[in-house]
Amino acid sequence: MNTSRLFVLVYSVNNRARSEQIPNKIRVKDKVSVSKGVGKKYYRGNTIAHIHFFAYIRMEKQMNVLVIAATEEEIQPFIHSHVEPRSGIEVLVTGVGMVATSFALGQKLAATPHYDLLLNVGIAGSFKRSIALGEVVYVYQDTFAELGAEDGEQFVDSVALGLAKHTFQGALAPDYPAFQGLRQCRGITVNTVHGHEETIDAIAQRLNPAVESMEGAAVFYAAHQAGLPAIQIRAISNYVERRNKASWQIPLAIENLNRWLKVFANSIDR
Ligand SMILES: O=C(O)c1cccc(C(=O)CC[C@H]2O[C@@H](n3cnc4c(=O)[nH]cnc43)[C@H](O)[C@@H]2O)c1
């Protein structure tokens with residue numbers, strides 16, 4: 001259960017009653033300069049006000065999160081260990097790639113549009129050797145990297161063509177321990193995983209992404225269309241390089257991703 005605190009302050013200034021709701025403790029401390037007791041006086045701007053009533057209310061609200069993954073394999077440990085109906089977490093397995101993701105998520109949101117957060121999780125490739133294999137990262141922006149046209153050697157993106165937006169932002173992370181200390185990365189989403197030195201150099205020069213997946217931008221796009229916040233969390237399974245599947249560390253990435261998911265679920269389930 002996600003809880004939030006609400007302060008209700010009823011006070012009078014020059015015998016005229018006023019009230020306000022103050023959504024967290026810090027702001028109360030900021031605003032109430034003398035005391036929070038009934039009958040006490042405190043300063044509001046230049047005016048002395050008289051407090052009649054001060055209540056501290058603990059509100060409880062279920063936060064509904066849709067966790068979206070391309071394959072069941074990527075979130076199997078989490079599915080089996082944690083998700084309970086009361087936690088407010090639902091899982092959607094879409095299939096690999098932006099087309100499968102868009103269709104599955106579009107269908108889901110048409111049937112159930114009530115989510116507070118869409119959370120895209122999965123493994124991903126990294127363009128940066130400074131990111132360790134297995135590291136869990138927060139992808140704050142994602143681009144449909146192939147959306148556009150070729151003009152000889154040049155790539156003309158869909159915005160330059162006047163056809164479509166190609167880059168979408170994720171939401172700001174909630175103030176949960178799970179998000180603290182995560183590396184913030186820019187991502188690209190592709191149909192064809194980069195595996196050729198020339199195209200890897202070209203995309204690094206054009207967009208300088210940190211990570212690559214096959215679904216991220218599709219989730220951000222769907223969230224944008226539906227008016228819902230979306231967050232993308234990826235665990236790095238491989239470097240983007242000439243195809244070398246033997247060096248991919250999928251089990252490590254899945255293990256770390258699922259450990260992160262547990263911490264996240266505990267945050268919203270408190
Ligand atoms: O065996 C291969 O060559 C191969 C080619 C494409 C994809 C795969 C996967 O197993 C990907 C499944 C899943 O993982 C994400 N992912 C992981 N690494 C990358 C990457 O370097 N570039 C793009 N996506 C990646 C992706 O989101 C898929 O859903 C194997």
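It should be emphasised that the depicted structure is a prediction, and the values quoted were computed from it without experimental measurement.

Enquirer: Tell me about the overall build of the protein, and name the residues and values.
Expert: Looking only at helices and strands, one finds 6 helices and 14 strands in the protein. Within the protein, the fraction of its 270 residues that count as buried is 31%. For the protein, the share of sequence-separated contacts (at least 6 apart) that also reach a separation of at least 24 residues comes to 73%.

Enquirer: Can you explain the site of the ligand? Please cite residues and give values.
Expert: Not every one of the 17 residues close to the ligand is listed here, only the nearest: Ala70, Gly125, Glu212, Ser213 and Met214. Put simply, the parts of the chain that give the shell around the ligand at least two residues each are β7 (117–126), β13 (211–213) and β14 (230–239). It is β7 that provides the largest number of residues to the shell around the ligand, a total of 4 residues. Class assignment of the residues belonging to the shell around the ligand gives a composition of 8 nonpolar, 5 polar and 4 charged.

Enquirer: Help me get a handle on the pairing of β7, residues and values and all.
Expert: The buried fraction of β7 is high, at 10 of 10 residues. Relative to β14, β7 runs parallel, the two sharing 9 bridges. Paired with Ser126 across the strands is Tyr239, a residue of β14. Pairing of β7 with β13, which is carried by 2 bridges, proceeds in the antiparallel orientation. Within β13, the residue paired with Gly125 across the bridge is Glu212.

Enquirer: Summarise helix α6 (residues 250–268); cite the residues concerned and give the values.
Expert: Under the 1.5 Å per step criterion, the end-to-end length of α6 is 27 Å for 19 residues, consistent within 8% with the ideal 27 Å. Every buried residue of α6 is accounted for by Ala253, Ile254, Asn256, Leu257, Asn258, Leu261, Phe264, Ala265 and Ile268.

Enquirer: Can you explain the packing of helix α3 (residues 98–111) against helix α5 (residues 216–226)? Please cite residues and give values.
Expert: Close contact between α3 and α5 brings their axes to 9 Å; oriented N to C, the two are set at 30°. Between α3 and α5, the interaxial angle falls into the category roughly parallel. The two elements α3 and α5 meet at a crossing, and its hand is right-handed. Across the interface between the two elements, Met98, Thr101, Ser102, Leu105, Gly106 and Leu109 of α3 pack against Ala217, Ala218, Val219, Ala222 and Ala226 of α5. Residues belonging to the contact of α3 with α5 are distributed by class as follows: 8 nonpolar, 3 polar and no charged.

Enquirer: Would you mind going over the UniProt feature "domain: Nucleoside phosphorylase" (unreviewed entry) in the protein in detail, with residue names and values included?
Expert: With numbering aligned to this structure, UniProt lists the feature "domain: Nucleoside phosphorylase" (unreviewed entry) at residues 91–267. In the segment residues 91–267, helix accounts for 31% and strand for 30%; the C-alpha atoms at its two ends are 17 Å apart.

Enquirer: Please provide a residue-by-residue account of the nonpolar core, values included.
Expert: If you look at the biggest cluster of nonpolar residues, it comprises 53 residues, and the most contacted ones within it are Val67, Leu118, Leu119 and Val219. Contact partners of Val219, with chain neighbours within four places excluded, come to Ile68, Thr101, Leu105, Leu118, Asn120, Ala230 and Gln232.

Enquirer: I'd love a proper account of the environment of Ala104, names of residues and values included.
Expert: For Ala104, the location among the structural elements is in helix α3. The sequence separation of Ala104 and Leu92 amounts to 12 residues, and the corresponding C-alpha distance is 8.1 Å. Beyond its immediate sequence surroundings of up to four residues, Ala104 is in contact with Leu92, Thr94 and Gly95.

Enquirer: Describe α3, and please don't skip the residues or the numbers.
Expert: Here α3 is 14 residues long and its end C-alpha atoms lie 20 Å apart, about the 20 Å a rise of 1.5 Å per residue gives. Among all positions of α3, only Met98, Thr101 and Leu105 are buried. Burial along α3 is one-sided: seen end-on, the buried residues are contained in an arc of 60°. Residues of α3 that are exposed and point over 90 degrees away from its buried face: Gln107, Ala110 and Ala111.

Basis of the calculations
Residues numbered from 1 in each chain as written. Predicted model: local features only at pLDDT ≥ 70, side-chain atom pairs only at ≥ 80, totals over all residues. Helix = DSSP H or I, 4+ residues; strand = E, 2+ residues; numbered from the N terminus. Buried ≥ 20, exposed ≤ 12 C-beta atoms within 10 Å, placed from the backbone. Contact = placed C-beta atoms within 7 Å. Near = placed C-beta within 6 Å. Nonpolar A, V, L, I, M, F, W, Y, C, P; charged D, E, K, R; others polar. Pairing = 2+ DSSP bridges. Expected span 1.5 Å × (residues − 1). Axes fitted to C-alpha atoms, helices over the stretch in contact; angles between N-to-C directions. Parallel < 35°, antiparallel > 145°, perpendicular 65-115°, else oblique. Left-handed = near helix turned anticlockwise from the far one by under 90°. UniProt positions renumbered as here; feature names shortened; annotations may be inferred. Core = buried A, V, L, I, M, F, W, Y, C linked by C-beta atoms within 7 Å. Arc of directions from axis to C-beta.

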